[in-house]
Amino acid sequence: MTHELVAHFKLAKKVRNIFLELYVLLAIFYIVFPILLLIVTSFDSRGYIGDILSIIPSLRWYNEFIGSSFFINGILTSFFVGITATVLSLIVGLSFAYVIVRYDFPGKSILIETSMAPAVVPGVTLGFALLYFFARLGSHLTILNIIIAHLIITLPYALRTLIATLEGFDISIEEAALVLGATRLRAFLEVTLPNIKSGIIAAAIFSFAISLDDVAVTAFLTDVYTYTFPVALLTTFRRAISPIAAVGCSVLIVIALCMVCAIDKSYGLERFVGIYARRS
Amino acid sequence: MHGTLNLIRRYILCLPALIILIFFFAAPIFQIFIMSFHPYKGPMEVGEKFTFENYISIFTRSYLVNCIIRTIRIAACSSIVAVIMAYPLSYYIAKATSSIRRKILLFTIFFCFFNSTIGRGLSWYLILGSKGIINLILTSLGMQEIRILHSELAVEIGLVYVILPFAVLSIVPSIQKIDPSLRESALILGANEFKTFIHVTLPLSLPGISAALSTCLAITLAAFVIPMILGGGLVDMLSNIIYIRMKAVLNFALGGALSFVLLAASLITMYVIILPLRKVKWT
């Protein structure tokens, strides 16, 4: 190959890379700027959303937020629902994922498609259907209805992560335990489980995030006493939007940041990309 | 004998998930599907007779037809824009040599991914509003304020921001899979960077692009929070109509029919338009 051609390649590559780097920088700004703006607004002391340059900084709305039983109640409910639904999702999902990954049997692909279906159905359709279903069933315990709904919507995401994790786990380790005389259950609990811990943590965070963000399904199932945090936040939007909504969203931003860091630490964002793409 | 026992054990382990899905997911949806073929008879009640009148009345009421068209238009516009915006970012994540900048981008994208939808909507409310950043810049330049909030454009801008991380993450693996030697051979054979991209990289990443498009369409067709915040009741999408109009009067006949139009729209985009294009499987 001539030197000229090589030089040409290098130049073209350089030009391309400069544009790409600039674009990436711009994209990071595009993603981060709205988030920062929201956080800055949450420290405004005015009673309305005014222009950002004349902000009077204070913790006024943070105090109001902490003192508001309406929001605190919502946060507590959201955490209770999120954690319960996540734990259930993990238990149900793990036994399902284990069978899917380990064995081949008739109807397997249909089973997988079915389990992923809740991720495809629009939230409002599911919420509307569950509203009727629970009313007909006579199930008036709102918190239980919401937990069941969240179990349904988190299951596909938990499953996806668990299936990917189990696929990445070297089966021969488990087989070694079996050969050495462990029962199947003991091999799973003492050998497999500790090895896929990071995947389980990632699955838990993923499910919890889905549960914490849901509005479309939950909005149909709440009542005056039992509601989740995002539903509470959204009701304040119907009146004039006040900075207290920005405080609530900032709290969620901090939680999101913690979740990303936790996934990065335990599972690695790199591997998580692959899991996400599986859904598609 | 041992074989059958093992087979049964496999099904039993699947059973909890399956029972939950059938009982609390498939059954309720099937129930309102049935109701959508019966006439409305008051809150939570439907008549006996089998009828298509709910579906007919959807397509004869102009506000519902407009809403369906608007929903599809907003979903299509925002999904296409998001996928175009996402592609270079996915390319960067898949190919970047600098691990630190790549890590920062990846982290930012996941941060956006896990950020609440309401928060993302509120952020853009602060940017697009009458006292928002855009109007602040315009007035400081001596120009007139513009009204973007509560318009279709506002909803689309918000949705693009919401689905961008989904699009980026869907495209990355398909670019990672491309054999770098293919690109090099095209370059050696005399194609320039642009031509190589158009004829080699882009076609090979098509499965990722269609996966991204279908994910984005599924999310935007079902959008609920963003049109609520940024549309302010003036740009209602299908989900909003179902929630506002049908929940209030508990009309499960028409509401059920509307839910199914929405579900059908999502499924059609997911399986009919997109699926043949991609070769990615669940497992």
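What counts and how
Residues numbered from 1 in each chain as written. Chains lettered and ligands numbered in written order. Predicted model: local features only at pLDDT ≥ 70, side-chain atom pairs only at ≥ 80, totals over all residues. Heavy atoms only, no water. Helix = DSSP H or I, 4+ residues; strand = E, 2+ residues; numbered from the N terminus. Rg over C-alpha atoms; globule rule 2.2 N^0.38 Å. Buried < 20%, exposed > 50% of the residue type's maximum accessible area, 1.4 Å probe, protein only. Contact = heavy atoms within 4.5 Å. Areas by Shrake-Rupley, 256 points an atom, 1.4 Å probe, with all protein chains shown as cover. Lys, Arg positive; Asp, Glu negative; His and termini not counted. Charge placed at Lys NZ, Arg CZ, Asp CG, Glu CD. Axes fitted to C-alpha atoms, helices over the stretch in contact; angles between N-to-C directions. Parallel < 35°, antiparallel > 145°, perpendicular 65-115°, else oblique. Left-handed = near helix turned anticlockwise from the far one by under 90°. Nonpolar A, V, L, I, M, F, W, Y, C, P; charged D, E, K, R; others polar. 1 Å grid on protein atoms, 1.4 Å probe; cavity = no way out; pocket = protein on both sides within 12 Å on 5 of 7 lines; lining within 4 Å. Points joined across faces, edges and corners; volume = space filled by probe spheres on them. Core = buried A, V, L, I, M, F, W, Y, C linked by side-chain atoms within 4.5 Å. Salt bridge = Lys/Arg side-chain N within 4 Å of Asp/Glu carboxyl O. Phe/Tyr/Trp six-rings, centres within 6.5 Å; stacked < 30°, edge-to-face > 60°. Lys NZ or Arg CZ within 6 Å of the ring centre and 35° of its normal.

Participant: Any chance you could explain the overall build of chain B here in plain terms?
Facilitator: Broken down by element type, chain B carries 13 helices and zero strands. Tracing chain B from N to C terminus, the helices and strands come up as α-α-α-α-α-α-α-α-α-α-α-α-α. Over its C-alpha atoms chain B spans a radius of gyration of 24 Å, topping by over 25% the 19 Å that the globule rule assigns to 283 residues. For chain B, the spread of C-alpha atoms along the principal axes amounts to about 80 × 70 × 30 Å. Relative to its full complement of 283 residues, chain B shows a buried share of 56%. Restricting the contact set of chain B to residue pairs at least 6 apart, pairs at least 24 apart contribute 67%. Here chain B displays about 12600 Å² of accessible surface, and carbon together with sulfur accounts for 71% of that area. Distance between charge centroids for chain B: 8 Å, based on 22 positive and 10 negative side chains.

Participant: Is there a simple way to explain the packing of helix H3 (residues 62–95) of chain B against helix H7 (residues 152–176) of chain B in this structure?
Facilitator: For any two helices packed against each other, the geometry is given by the interaxial angle and the distance between the axes. All names here are of chain B. Running from amino to carboxyl end, H3 crosses H7 at an angle of 40°, the nearest separation of the two axes being 5 Å. Between H3 and H7, the angle is such that the two are oblique. The chirality of how H3 crosses H7 is right-handed. Class assignment of the residues belonging to the contact of H3 with H7 gives a composition of 22 nonpolar, four polar and five charged.

Participant: How should empty space enclosed by the protein be read in this particular structure?
Facilitator: Where empty space is left in the structure can be found by rolling a water-sized probe over the atoms. In the structure shown here, the tally under the stated rule is two cavities of 30 Å³ or more. Each pocket or cavity is described by its volume, and for the largest cavity that value is around 840 Å³. For the largest cavity, the lining is made up of 39 residues, of which A:Tyr157, A:Asp213, A:Asp214, B:Thr117 and B:Ile219 are closest to its centre. If one sorts the elements of the lining of the largest cavity by residue count, helix H9 (residues 197–213) of chain A sits on top with five residues. Broken down by class, the residue content of the lining of the largest cavity amounts to 31 nonpolar, four polar and four charged. Considering only enclosed or pocket space, the second largest cavity measures out at about 30 Å³ in volume. Forming the boundary of the second largest cavity are A:His8, A:Phe9, A:Ala12, B:Leu187, B:Ala191, B:Asn192 and B:Glu193. When residues in the lining of the second largest cavity are grouped by element, the largest group, three residues, is from helix H1 (residues 3–42) of chain A.

Participant: I would appreciate a short explanation of helix H6 (residues 133–140) of chain B in the present structure.
Facilitator: Because an α-helix packs 3.6 residues into every turn, residues spaced three or four apart end up facing the same way. Those residues of H6(B) that fall on the buried side of the exposure criterion are B:Ile133, B:Asn135, B:Leu136 and B:Leu138. Taken together, the buried residues of H6(B) touch H1 of chain A together with helix H5 (117–128) of chain B. One or two steps after H6(B), the chain reaches B:Gly142, where phi turns positive at roughly 80°.

Participant: Even after reading the chapter, I still don't get the nonpolar core, so can you show me in this structure?
Facilitator: One broad trend across soluble globular proteins is that nonpolar side chains are buried collectively. One finds A:Leu126, A:Phe272, B:Phe110, B:Phe114, B:Ile118, B:Leu122 and B:Leu230 to be the most contacted residues of the largest nonpolar core, which totals 181 residues. Broken down by element, the residue count for this core peaks at 15 residues, all from H7(B). For B:Leu122, the residues in contact, after removing those within four places along its chain, are A:Leu38, A:Phe237, A:Ile241, A:Ala245, A:Ala246, A:Cys249 and B:Ile229.

Participant: Would you mind showing me how to read the layout of surface pockets here?
Facilitator: Roughly 530 Å³ of volume is contained in the largest pocket. In terms of lining, the largest pocket is formed by 22 residues, of which the most central are A:Lys13, A:Arg16, A:Asn17, B:Lys95 and B:Arg183. Of all the secondary structure elements, the ones that give two or more residues to the lining of the largest pocket are H1 of chain A together with H3 and helix H8 (180–188) of chain B. It is H1(A) that provides the largest number of residues to the lining of the largest pocket, a total of eight residues. When the residues that make up the lining of the largest pocket are grouped by side-chain class, the tally is ten nonpolar, three polar and nine charged.

Participant: Please explain the environment of B:Leu89 as it appears in this structure.
Facilitator: Topologically, B:Leu89 is positioned in helix H3. When the C-alpha positions of B:Leu89 and B:Pro165 are compared, they lie 9.6 Å apart, and in sequence the two are 76 residues distant. Apart from residues no more than four positions distant in its own chain, B:Leu89 is found in contact with A:Tyr23, A:Val24, A:Ala27, B:Leu105, B:Ile109, B:Leu164 and B:Val168.

Participant: I'm lost on the pattern of salt bridges in this one. Help?
Facilitator: A side chain of one charge can pair with a side chain of the opposite charge when the charged atoms of the two come close. All names here are of chain B. Tallying each qualifying case throughout the model produces nine salt bridges over all chains. The partner of Arg-73 in a salt bridge is Glu-152, and the shortest N-O contact between them spans 2.7 Å. Here Arg-73, found in helix H3, pairs with Glu-152, found in helix H7; they are 79 residues apart in sequence, far enough to count as distant. We classify Arg-73 as partly exposed; its relative accessible area is 39%. Glu-152 gets classed as partly exposed once you look at its relative accessible area, which sits at 25%.

Participant: Before we go on, may I ask you to explain the packing of aromatic side chains in this structure?
Facilitator: How two aromatic rings sit relative to each other is given by the distance of their centres and the angle of their planes. Tallied over the full model, the rule gives 39 aromatic pairs over all chains. Here the aromatic rings of A:Phe71 and A:Phe229 are separated by 6.2 Å at their centres, their planes lie at 80°, and the arrangement is edge-to-face. Taken together, the residues span a long stretch of sequence, with A:Phe71 in helix H3 (residues 69–102) and A:Phe229 in helix H10 (residues 229–238) at a distance of 158 residues. Comparing A:Phe71 with A:Phe229 shows no difference in burial state: the two are buried. An aromatic cluster is present here, built from A:Tyr157, A:Phe206, A:Tyr267, A:Phe272, B:Phe110, B:Phe113, B:Phe114 and B:Phe166 joined pairwise through their rings. Directly above the ring of A:Tyr267 sits A:Arg271, whose terminal nitrogen or CZ lies 3.9 Å from the centroid.

That's the geometry; what it means functionally is another story.
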